[in-house]
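Summary of the model geometry
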Amino acid sequence: MTLTTHAAEDAPATTSGRRAARSSLHLRKVLVPIGLGVLLLVGVGLSASVAYHNRLGVTNVDGISYMGIAREYAHGWFGDAVNAYWSPMVSWLMAPIIAVGAGPQTAFAVVNTLAVAVVLGIGGWLVWSQNHRAVPAVLFMVTAIPALMSAVSVQTPDLLVVAWMFGFLWSLRWADQALHGSRRSRIASGVVLGVVAAIGYFVKLFLLPVALGSVVLWLLLRVWSARRRREPVRHWWPVPVAAVVAFAVVIAPWVGALTVKYGEVTLGSSLSVNVGSKFDDAGRSTDWPWLPVPPNEHATTANEDFTPSVFEKGVQDNPDPDAVPPVSRPQTEPTVTKSSSLVARGTYYVEQRLLAFPYYLQKISTFAPFAAPIALLFAAALVIGVVRFRRYAFTCIVAASTLVYFIGYGMITSSSSGGGNARYYWPLFYLTAMIGALMLPAVWRLVRRRGVIRTVVACVAIAVVPIASYTQNWFGSPAPFYPSVNRTDPLQVTGPVDVPPLVELADQMKSSGALPAGSSIIGTNSRSLASIAFLTGTRAFGRSGQGYTYHSEAMLKVYADEGIRYFVQFDPASAPARDYSMAGKVVGTFGATIACTGDSSSDAAQPCRIQVIRLDG
């Protein structure tokens, strides 16, 4: 009787406890997404503020081409806007913003801010939806926010590449989950995967092999896992087939437009231009023209289209080699050329990639000091069995895509460029951060059983990841990591809008009438000149490293033949005065603290004297 009574008394308490647990779980499932949404708004707001305060500058010579093409779309000059070299997506997104009256720099800032929202929104949701725990998602988002703030002002599509990577991972996860569903769900997921892959092709041509490699590696992992469990795989074929068909349908109109403009079927020219040079040491000095010209009357620079059939229409020969100052690096005859044997070119390619690999790793460590430790930790977890594909399928998919991206850029980086620009490797920062966040529950379960000391060490190691992101990206300090990031000052989130010296210089040139809009110009510093041309509405001829000068009759004749009316000379402010009587008349002298003595993006700013000469020829 007593036992019955106790059972009767315990039953309501047990039921009440279960109801309380369910209520608590339901409340957590509601509050956590709300909290992540608030964190999303904070991250987007901070990034938008940074973009707003830096919107007036021109940060990248590639960005000038993207903004120029967007402006052509906005004005309806579609024949000029279609471009085989620069992928169109970022220009397409900017075009309607420019069409309603915004400046191209502002349009780029808006597009990059939208990319920030996609990265934080999809990335945070992917991490949270894997285990419905708040801490991993918060860790990912908190780590990503300062890096996104640092990247949002850079006028290239690389932040859009990061956003696409997370959209691609979402579509790949859907396709993976649909493999064991109905045929309709497999076809639907395959179509979405193909559409997302097509969007990546529009964002950056390099993402086409990334998408292909990631899908192939994912299918291989799935087949291997299924074989181990003796599961059938024959019914999986609708996913890749639907993806290929959807991809082809989406890109067909664009490929058709490129084919009409360039006269041959092409997916784009950037891979052939950039990858083709990796197989020989002939160099651009002999392969590319001496004086390239803007590809159309609306283009700002010749860089707007590097497609050889367009870029090489300029003057091919230097009319006065003696007038060109010697380059700093020794000139040697090429040992491997395009006419060399396949074995020789392949051997050269492998040797150069091995030589460049240490620079590649070092470049990645400049902005993601935790990428290598997380990768090694994940590899160790796979080896010891903490992470298995069956239970951690999505984590393995993210790791596979990261590996494909890493290998892809490792195959084209060069030692001569010190591993290339760090922005090419931004996705590795966010993807390794996501891998770490996805692994966090498994790691935590493992270390908390090993005592207090190991738990504390794990907590410190986890905290290092967001700390590294904040110190390097928000505050511009390399400590305690090595080597330093390029920027050494904190991000400007509040205060007055930053007006770069180069923008002030361009405004002075416009207001003084020294460079009338629509004029054709050339000068001694192609990087600064490209920005000045973009900001003043003029057209800049030539490319960096060619030694253009005003005191050669042969060169002056070429300028006259090409319709170039103004020469812009950049000198240190302390340099002696020049005599321009042979070339024409000085119509403006200006001062600015900019990089003025060379064509490298790493040149330091210094007091500079800029003189504009109206050519008499």
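Rules and cut-offs
- Residues numbered from 1 in each chain as written.
- Predicted model: local features only at pLDDT ≥ 70, side-chain atom pairs only at ≥ 80, totals over all residues.
- Heavy atoms only, no water.
- Helix = DSSP H or I, 4+ residues; strand = E, 2+ residues; numbered from the N terminus.
- Buried < 20%, exposed > 50% of the residue type's maximum accessible area, 1.4 Å probe, protein only.
- Contact = heavy atoms within 4.5 Å.
- Areas by Shrake-Rupley, 256 points an atom, 1.4 Å probe, with all protein chains shown as cover.
- Pairing = 2+ DSSP bridges.
- Axes fitted to C-alpha atoms, helices over the stretch in contact; angles between N-to-C directions.
- Phe/Tyr/Trp six-rings, centres within 6.5 Å; stacked < 30°, edge-to-face > 60°.
- Salt bridge = Lys/Arg side-chain N within 4 Å of Asp/Glu carboxyl O.
- Parallel < 35°, antiparallel > 145°, perpendicular 65-115°, else oblique.
- Left-handed = near helix turned anticlockwise from the far one by under 90°.
- Nonpolar A, V, L, I, M, F, W, Y, C, P; charged D, E, K, R; others polar.
- Patch = residues over 30% accessible without salt bridge, like charges linked within 9 Å, V, L, I, M, F, W, Y side chains within 5 Å.
- pLDDT = per-residue confidence, 0-100.

Moving on: the overall build of the protein chain. Summing up its helical and strand segments, the protein chain has 21 helices and five strands in all. Split into buried and exposed, the 617 residues of the protein chain put 49% on the buried side. Put simply, of all contacts in the protein chain between residues at least 6 apart along the chain, 74% involve residues at least 24 apart. For the protein chain, the exposed area adds up to about 28,700 Å²; of that, 63% sits on carbon and sulfur atoms.

As summarised here, the arrangement of the five strands in space is β2-β1-β3-β5-β4, forming an open sheet in which the pairing is mixed. One side of each edge strand has no neighbouring strand; the edge strands of this open sheet are β2 (539-540) and β4 (584-594). The pairing of strand β1 (residues 520-523) with β2 spans two bridges and is parallel. The partner of Ser520 across the bridge, within β2, is Arg539. Where helix α19 (residues 501-512) meets the sheet, it contacts β4 and β5 (606-615), and its direction lies at approximately 155° from that of β4.

Evaluated as defined, the whole model comprises 32 aromatic pairs. Centroid distance Tyr66 to Trp86: 5.0 Å. Interplanar angle 65°. Geometry classified as edge-to-face. Highlighted residues: Tyr66 in helix α2 (residues 61-74) and Trp86 in the loop between α3 (78-81) and α4 (89-99), separated in sequence by 20 residues. Like Tyr66, the residue Trp86 is buried in the burial classification.

Applying the stated rule across the entire model yields six salt bridges. Between Asp176 and Arg222 there is a salt bridge, and its shortest N-O distance comes to 2.6 Å. Of the two residues, Asp176 sits in helix α7 (residues 158-178) while Arg222 sits in helix α9 (residues 207-229), which places them 46 residues apart along the sequence. Like Asp176, the residue Arg222 is buried in the burial classification. Residues joined in a network through salt bridges with shared partners are Asp62, Asp158, Lys204 and Arg423.

Right, let's talk about the packing of α19 against helix α20 (residues 526-536) for a bit. Remark: α19 packs on α20, axes separated minimally by 9 Å, with the N-to-C direction vectors making an angle of 55°. Relative to α20, α19 is oriented oblique. With respect to the hand of their crossing, α19 and α20 are arranged in right-handed fashion. Each of Leu502, Val503, Leu505, Ala506, Met509 and Lys510 in α19 lies in contact with α20, whose residues at this interface are Ser528, Ser531, Ile532, Leu535 and Thr536. Broken down by class, the residue content of the contact of α19 with α20 amounts to seven nonpolar, three polar and one charged.

Time to look at the side chain of Ser47. Mapped onto the elements of the fold, Ser47 is located in helix α1 (residues 2-53). When its relative accessible area of 0% is taken as the criterion, Ser47 is described as buried. Ignoring any residue separated from it by four or fewer positions in sequence, one finds Ser47 in contact with Val116, Leu148, Met149 and Val152.

With that settled, the discussion passes to the pairing of strand β3 (residues 566-572). Counting buried positions along β3 gives six out of seven residues, so the element sits mostly inside the fold. Across three bridges, β1 lies against β3 in parallel orientation. Following the sheet pairing, Ile522 is matched in β3 by Phe567. Where β3 meets β5, seven bridges bridge the pair, whose relative direction is antiparallel. By the bridge assignment for β5, Phe570 is matched with Ile610.

Now for a nonpolar patch on the surface. A cluster of nonpolar side chains, namely Val30, Leu31, Ile34, Val38 and Val42, defines an oily patch on the protein surface of about 410 Å² accessible area. Of note, Ile34 is situated in helix α1.

What follows covers the confidence of the model for the protein chain. Looking at the protein chain as a whole, the pLDDT averages 86, with 89% of positions reaching at least 70. Model confidence for the protein chain, summarised as mean pLDDT per element, is weakest for helix α12 (residues 284-287) at 46 and strongest for α4 at 97. Contacts of residues 1-13 to residues separated by more than four positions or lying in other chains number zero contacts, the stretch itself having pLDDT below 50. A low-confidence stretch, residues 326-330 stays under pLDDT 50, and its non-local contacts, those more than four residues away or across chains, total one contact.

We now examine unusual backbone geometry. Here His132, not a glycine, exhibits a phi torsion of approximately 55°, which is positive. Overall, the relative accessible area of 40% leaves His132 in the partly exposed class.

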